Amino acid sequence: DVKVTQSSRYLVKRTGEKVFLECVQDMDHENMFWYRQDPGLGLRLIYFSYDVKMKEKGDIPEGYSVSREKKERFSLILESASTNQTSMYLCASSGSGGPGQPQHFGDGTRLSIL
Amino acid sequence: AQSVSQHNHHVILSEAASLELGCNYSYGGTVNLFWYVQYPGQHLQLLLKYFSGDPLVKGIKGFEAEFIKSKFSFNLRKPSVQWSDTAEYFCAVNTGPNRDDKIIFGKGTRLHILP
């Protein structure tokens with residue numbers, strides 16, 4: 001079974017702080033994704049990566065950056081946290097066996113910015 | 001741009017009722033379609049998927065979905081729901097063979113089953 005592990009379930013930070021959210025997958029998946037989930041808005045893609053050191057902007061990349069130095073790890077960085085970044089953050093991974101591979105999700109990190 | 005529309009944001013049913021959650025997408029080409037489910041306090045997990053072939057696909061826990069290409073729809077169904085089906089359901093679409101194609105999610109439908 002694919003395991004996607006997010007480093008924290010709950011996190012509280014202050015406005016202006018630099019925040020790191022970590023995600024690790026154990027299935028040697030090429031593709032990794034960061035979403036935020038907000039009530040009534042569903043999942044919105046922040047960034048994704050199809051390979052080590054490669055990143056692509058999703059639909060809402062502003063205020064975020066990512067890092068993928070190793071295949072199994074994909075980090076989301078809030079450069080200067082703001083209250084509108086309070087949300088549930090979901091990491092996902094998928095294999096590269098053709099189009100439409102299902103994504104496997106972590107448990108999420110509920111981030112509060114005070 | 002591609003989009004996914006889920007018709008109902010919140011559905012309340014009694015146990016044993018039949019369920020149908022609507023999903024429409026906007027894309028004229030080849031699609032791969034998914035339904036994901038998120039039970040309270042748990043991570044999102046795949047319920048079922050359609051790639052090609054039989055447009056009626058069966059998933060876990062008695063769920064099924066029918067792909068109707070002419071209607072751009074992929075509705076989720078279950079003939080008799082249980083209290084344990086209380087969850088949020090997301091329809092999603094991936095639009096073709098290019099490497100940078102993303103999965104686009106709908107906004108979700110919260111299903112609440114009354115015991």
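What you see is a predicted model; the values in this text were computed from it and never measured.

1. What to know about the interface of chain A and chain B
Between chain A and chain B, the residue contacts involve 20 residues of the former and 23 residues of the latter. Summed over both partners, the interface of chain A with chain B comes to about 1,800 Å²; 58% of that surface belongs to carbon and sulfur atoms. Summed over the shared surface of chain A and chain B, the result is three residue pairs in polar contact (both at pLDDT 80 or more). Elements represented by at least two residues in the side of chain A that touches chain B include exactly β5 (31-38) and β6 (42-49) of chain A. If one sorts the elements of the side of chain A that touches chain B by residue count, β6(A) sits on top with four residues. A breakdown of the residues in the side of chain A that touches chain B according to their chemical character gives ten nonpolar, seven polar and three charged.

2. Observations regarding the pairing of strand β1 (residues 3-6) of chain B
Residues and elements named next belong to chain B. Side chains of β1 alternate between two faces, with Val4 and Gln6 buried and Ser3 and Ser5 left unburied. Bridge count for β1 against strand β4 (residues 23-26) is four bridges, and the pairing is antiparallel. Looking at the pairing, serine 3 lines up with serine 26 of β4.

3. Focus: the pairing of strand β12 (residues 109-114) of chain B
All names here are of chain B. Because side chains alternate across β12, one face comprises the buried residues Thr109, Leu111 and Ile113, and the other comprises Arg110, His112 and Leu114, none of which is buried. The pairing of strand β2 (residues 10-14) with β12 spans five bridges and is classified as parallel. Bridged to valine 11 within β12 is leucine 111. Pairing of strand β10 (residues 87-94) with β12, which is carried by three bridges, proceeds in the antiparallel orientation.

4. What about the side chain of A:Ser93?
All names here are of chain A. With respect to the secondary-structure elements, serine 93 resides in strand β10 (residues 87-94). Using a relative accessible area of 0% as the deciding quantity, one classes serine 93 as buried. In terms of polar contacts, serine 93 uses its side chain to reach the side chain of histidine 29, at 2.8 Å.

Cut-offs and rules
- All chains use their own residue numbering, which begins from 1 and follows the written sequence.
- Key to labels: chains lettered from A, ligands numbered from 1, both in the order written.
- Side-chain atom pairs in this predicted model are given and counted only at pLDDT of 80 or more, local residue features only at pLDDT of at least 70, and totals for whole chains, interfaces and linings cover all residues.
- Excluded from the side-chain calculations are hydrogens and water; all other atoms, namely the structure's heavy atoms, are used.
- Any pair of residues with heavy atoms lying within 4.5 Å of one another is described as a contacting pair.
- Buried area is understood as the total, over both parts, of accessible area removed when two parts are fitted together, assessed with a 1.4 Å probe.
- We call two N or O atoms a polar contact when they sit within 3.5 Å, provided that within protein one can donate a hydrogen and the other can accept it, with sequence-adjacent residues counted only if both atoms are side-chain atoms.
- The way it works is that DSSP assigns letters per residue, a run of H or I at least four long becomes a helix, a run of E at least two long becomes a strand, and they are numbered from the N terminus.
- Only Asp, Glu, Lys and Arg are considered charged, only Ala, Val, Leu, Ile, Met, Phe, Trp, Tyr, Cys and Pro nonpolar, and every remaining residue, Gly among them, polar.
- Each residue gets one of three labels from its accessible area relative to the maximum for its type: buried under 20%, exposed over 50%, partly exposed in between, using a 1.4 Å probe on protein chains only.
- Two strands are said to pair when DSSP picks up at least two bridges between them.

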